[in-house]
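Per-entry structural report
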Amino acid sequence: MDVFSALQTAVSGLKAQSFSLSNISGNIANSQTTGYKRIDTGFVDMLVDSSSTKNQTAGSVAAFSELTNSIQGNKVSTGVSTNMALDGQGFFVVRKKTTDTGGGESFSTANLYTRRGDFAADKDGYLVNGAGAYLVGASLDPVTGQTNGTGPIRISNAIIPAKPTTTITYSANLPKTPATTNVASTNGMLSTFSDGSDARVTPTNGRTGGTVSQANAQSLIDNSIAGPALTVYTASGAPVSVQSRWAKVAAADTATGTSDTWNLFTADNASVTGNQTSWTNIGQAFTFSGSGQMTAPTGDTVPINNLTVDGVNVGTVSLNLTGGLTQYAAASGSVTTNDLKQNGYASGSLNSVEVGENGIISGKYSNGSVIGLARIEVAQFVNPDGLKPDSLGNYQQTVASGEAISGLKDSTVVGANLEQSNTDIAAEFSKMIVTQQAYSANTRVMSTAQTMISDLLNVIR
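Residues numbered from 1 in each chain as written. Predicted model: local features only at pLDDT ≥ 70, side-chain atom pairs only at ≥ 80, totals over all residues. Heavy atoms only, no water.

Quick note on the threshold: UniProt positions are given in the numbering used here, feature names are shortened, and annotations may be inferred rather than shown by experiment.
An unreviewed UniProt entry annotates the protein as Flagellar hook protein FlgE of Methylorubrum aminovorans. Annotation of the protein in UniProt includes, under Function (unreviewed entry), the sentence "A flexible structure which links the flagellar filament to the drive apparatus in the basal body." Here is the UniProt Subcellular location (unreviewed entry) comment for the protein, exactly as written: "Bacterial flagellum basal body".

Things to note about the environment of alanine 329
Filter applied, for reference: Elements are defined by DSSP. Helices are runs of H or I of four residues or more, strands are runs of E of two residues or more, and each kind is numbered from the N terminus. Remark: exposure states derive from per-residue accessible area (1.4 Å probe, protein chains only) relative to the maximum for the residue type, with buried under 20%, exposed over 50%, and partly exposed in between.
Mapped onto the elements, alanine 329 comes out in the loop between strand S25 (325-328) and strand S26 (336-342). Overall, the relative accessible area of 71% leaves alanine 329 in the exposed class. Placed 114 residues apart in sequence, alanine 329 and alanine 215 show a C-alpha to C-alpha distance of 32 Å.

Looking at the pattern of salt bridges
Rule in force here: Salt bridges are identified by distance alone: a Lys or Arg side-chain nitrogen within 4 Å of an Asp or Glu carboxyl oxygen.
What the rule picks out here adds up to 14 salt bridges. Lysine 123 is the salt-bridge partner of aspartate 124, the closest N and O atoms lying 3.1 Å from each other. When its relative accessible area of 75% is taken as the criterion, lysine 123 is described as exposed. With a closest N to O distance of 2.5 Å, aspartate 260 and lysine 176 form a salt bridge. Pair noted here: aspartate 260 is in strand S19 (residues 260-267) and lysine 176 is in the loop between strand S13 (167-175) and helix H2 (183-186), with a separation of 84 residues, a long-range link.

Describing the UniProt feature "domain: Flagellar basal body rod protein N-terminal" (unreviewed entry) in the protein
The UniProt record marks residues 7-37 with the feature "domain: Flagellar basal body rod protein N-terminal" (unreviewed entry), using the residue numbering of this structure. The span residues 7-37 is 74% helical and 0% strand by assignment, and the distance between its end C-alpha atoms comes to 35 Å.

A closer look at the UniProt feature "domain: Flagellar basal-body/hook protein C-terminal" (unreviewed entry) in the protein
UniProt's entry tags residues 417-458 with the feature "domain: Flagellar basal-body/hook protein C-terminal" (unreviewed entry), counted in the numbering of this structure. From the first C-alpha to the last, residues 417-458 spans 69 Å; its make-up is 81% helix and 7% strand.

Comments concerning a nonpolar patch on the surface
Our working rule: Within the patch definition used here, like charges are joined within 9 Å and nonpolar side chains (Val, Leu, Ile, Met, Phe, Trp, Tyr) within 5 Å, considering only residues with over 30% relative accessible area and no salt bridge. With residues, only the protein chains shown are counted as cover, and all accessible areas are computed by Shrake-Rupley using a 1.4 Å probe.
A contiguous nonpolar surface patch, about 250 Å² in accessible area, is contributed by Val44, Met46 and Phe64. By secondary structure assignment, the location of methionine 46 is in strand S1 (residues 39-46).

Examining empty space enclosed by the protein
Counted only if it meets this: Each cavity reported here is a set of points on a 1 Å grid over the protein atoms alone in which a 1.4 Å probe fits but cannot get out, each pocket an open set with protein on both sides within 12 Å along at least five of seven lines, and each lining residue one with an atom within 4 Å of a point. Grid points are joined across faces, edges and corners, and a volume is the space filled by probe spheres set on the points.
Tallied over the entire structure, the rule returns one cavity of 30 Å³ or more. Each pocket or cavity is described by its volume, and for the largest cavity that value is around 100 Å³. Around the largest cavity, the lining residues are Ile168, Tyr170, Pro228, Leu230, Val242, Ser244, Leu264, Thr266, Ile304, Leu307, Leu319 and Leu340. Counting residues per element, the ones that place at least two in the lining of the largest cavity are S13, S19 and strand S23 (301-309).

Description of the packing of aromatic side chains
Just so we agree on the cut-off: For Phe, Tyr and Trp, rings pair up if their centres lie within 6.5 Å, where Trp contributes its six-membered ring, and each pair is then called stacked (planes under 30 degrees apart), edge-to-face (over 60) or tilted (otherwise).
In this structure the tally under the stated criterion is 10 aromatic pairs. Ring geometry for phenylalanine 107 against tyrosine 134: centres 5.0 Å apart, planes inclined by 75°, an arrangement best described as edge-to-face. Taken together, the residues span a long stretch of sequence, with phenylalanine 107 in strand S7 (residues 105-107) and tyrosine 134 in strand S11 (residues 134-140) at a distance of 27 residues. When its relative accessible area of 10% is taken as the criterion, tyrosine 134 is described as buried. Arranged with centres 6.5 Å apart and planes meeting at 15°, the rings of tyrosine 170 and tryptophan 246 form a pair that is stacked. Of this pair, tyrosine 170 sits in strand S13 while tryptophan 246 sits in strand S18 (residues 244-250), placing them 76 residues apart in sequence. On the basis of relative accessibility, which here comes to 0%, the residue tyrosine 170 falls in the buried class. Members of the aromatic cluster, joined through ring pairs, are Phe91, Tyr113, Phe381 and Tyr395.

As structure tokens, then:
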């Protein structure tokens, strides 16, 4: 390498350091840009071709960008429910809106990828971030919870229709000896009434239920304990208050083969003070082994046919006992409820939305329901640093990045948070100082080479 080659090498050094300064400048400029991933600079030597290591000389240099898409920035809480950040790897899938010559708007079919999660609803309810990219995902049916479409997510303010109660989920422990009013004389059990009527259901009498008249209501109350009480809903969304009582109707007897048996009664009226209502047996004998395990019914569900309160027919409701119904000794003599809920609700309007860590966007409604409205789409890449940067914080898939893999994997979505830029200002200033010194050193090489060339020309003169 001669002095002229040294000039060329110094020029390549100036270009490389200028390229580095450009990246540093961009990183500092975007230090407050949501979801921005800094661009570092790498250098590679361009050696002069030589057959002997003794004559090997340093060649020129080239600079290239090194992406940091896999390095996460800090998360900051915003309090905006539709803002979201990814904790871990992955990218939000977004699309751009386009306008045709006639002024009509539509969404592009090509997916882009971003970490910018400052999404908010536009005038049409679509979730769009501050850079104009629309969040993509699956829309969920508010009634069934099933996917009913994919594409840009739109949060509808429409009133959700009422959903009738079809299932009551219940799990509890019934006491071995119930603490009833007449426990001393009846051993806590319900027998026939004074008028000779019998509403009990046992495995041996073949009955399917019965009604306790208002005249016998006080006797039922005195020989039973409080059961589950909750509000259920009709098809029109009207709330219906259901009260119930558990009555033990038979005790275990090894001689006769009788098991501990319970019946469940529901009130025919919402007002259950004293004897102000009649009661209906749901028609199922609940039997238990000596160890407290339920032996009948053998399935997990029991139908409550034509549940009617205050003349309002709710219809047939399934009593779901998946959580378990047991009979263990309890000092209180009362029912211990472990789980009690139902799946119906009245109509309601949307009050607010929230984003779950599983990527489900749920709506909170005026009827108290929390219903899943959409599931955001998150893409993973084998080589996220192989993505091609696009404008406005978006990235495009490339051969180097690999195909997009849908799903969160080990990542989670953090609602009401944003991911900050991963630029470290202090580190960028340090790199800027080093770059400035390297640039100045290359200019000194050029000035030295120029002096040497001048000296050579002076020799000829």
